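Structural features, examined
Here are the chains, one letter per residue:
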Amino acid sequence: MTPIESRQNGTIRHLARLARDKKYRRTTGEMVCEGEKLLGEALTAGTQVKTVLLRNDSLSPLCAQAEAHGATLFAAEPRLFALASDVETPQGVIFSCESPVVSGELPRVRSALLLDGVQDPGNLGTIIRTADAFGLEAVILCEGCADPTAPKVVRATMGALFRQPLYRLPFARAAEALRAQGLPVYAAALHEDSVPITETALGECAVIVGSEGHGVSPEALALCDRSLIIPMSGHAESLNAGVAASLLIWELRKPYL
């Protein structure tokens, strides 16, 4: 384990930049995570852990496991350790690892969720976590979505990011690929001819969920086969994007549970 004694240390600067710079994450193919839970999830998923930074020098079994699989271990006192984190109260372990594969090629799937401009990190993280929980075969990030490797998204997934298949495709290409597989593409949208999901069989199909502020874009709506709504009996005008997506994931996966 190598001690770090300077705020100008290259490892500190690398981890801090991964936390704050999307372009740098894409260039390096790495992302940064915090905490032993996420470290354990990464190791279990077979993700290559590159660098592990410990607050002080307390070596846990998980850190030793990461080192045995090729990670380089560093230690820093709390003041320097905090420079590598993007939160006010960092956990005792910060690590970098290879970013999950976000593919532009869609395999054959039975169902999928498409996201159109979902920008809130908490919502995106919730959607990825829910998709993993119910075994959804594909979450497709279309135009304008938040970066799934951003630290706030990673934390919100609670480790699901290491398991859930993610794809990045423009909506038009995604819709074409899904229809080539025989899947209809629906939009979750408040529209004059929207059909309640309780009256629609959501087995083998794909559903698109729009942004928090604007919903599904007109361009995406024009390419959908049908609009769907989630019936509500209360007074709220709409649902949070993460909640709406979670309900739709449940409906998509219900035939297979």
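Attention here is on the structure that accompanies the text. These numbers were taken from a predicted model, which means no experiment stands behind them. (Residues numbered from 1 in each chain as written. Predicted model: local features only at pLDDT ≥ 70, side-chain atom pairs only at ≥ 80, totals over all residues. Heavy atoms only, no water.)

Re the sheet that holds strand E1 (residues 2-4)
Pairing within the open sheet is mixed, and its five strands lie in the order E1-E4-E3-E5-E2. Each having just a single partner strand, E1 and strand E2 (30-34) make up the two edges of the open sheet. Between one strand axis and the next, the sheet turns through 25 degrees on average, direction left out of account. Where helix H1 (residues 10-20) meets the sheet, it contacts E1, E2, strand E3 (49-55), strand E4 (72-76) and strand E5 (93-98), and its direction lies at approximately 95 degrees from that of E2. Along the sheet face, helix H4 (residues 61-68) touches E3, E4 and E5 and points at about 150 degrees away from the line of E3. (Pairing = 2+ DSSP bridges. Helix = DSSP H or I, 4+ residues; strand = E, 2+ residues; numbered from the N terminus. Axes fitted to C-alpha atoms, helices over the stretch in contact; angles between N-to-C directions. Contact = heavy atoms within 4.5 Å.)

Some remarks on the pairing of strand E10 (residues 185-188)
One ladder, built from three bridges, connects E10 with strand E12 (residues 206-209); its direction is parallel. Looking across to E12, one finds that Ala187 is bridged to Ile208.

Remarks on the sheet that holds E12
What the eight strands build is an open sheet, ordered E6-E9-E8-E7-E12-E10-E13-E11; its pairing is parallel. The open sheet terminates on both sides in strands that have one partner only, identified here as strand E6 (102-103) and strand E11 (195-196). Inspection of the sheet shows E6 paired to strand E9 (residues 166-168) by two bridges, in the parallel sense. Within E9, the residue paired with Ser103 across the bridge is Tyr167. On top of the sheet, helix H10 (residues 241-253) reaches strand E7 (112-115), E10 and E12; it is set at about 175 degrees to E12, its chief contact.

A closer look at helix H6 (residues 121-133)
Here H6 is 13 residues long and its end C-alpha atoms lie 18 Å apart, about the 18 Å a rise of 1.5 Å per residue gives. Residues of H6 that are buried include every one of Asn123, Leu124, Gly125, Ile127, Ile128, Thr130 and Ala131, and no others. In this structure, the buried residues of H6 make contact with E7, strand E8 (139-141), helix H7 (151-157), E9 and H10. At the N-terminal boundary of H6, the capping side chain belongs to Asp120, with an oxygen 3.0 Å from the backbone nitrogen of Gly122. Once H6 finishes, Gly135 follows within two positions and takes phi at roughly 75 degrees, a positive value. (Expected span 1.5 Å × (residues − 1). Buried < 20%, exposed > 50% of the residue type's maximum accessible area, 1.4 Å probe, protein only. Polar contact = N/O pair within 3.5 Å; in protein donor to acceptor, adjacent residues only side chain to side chain.)

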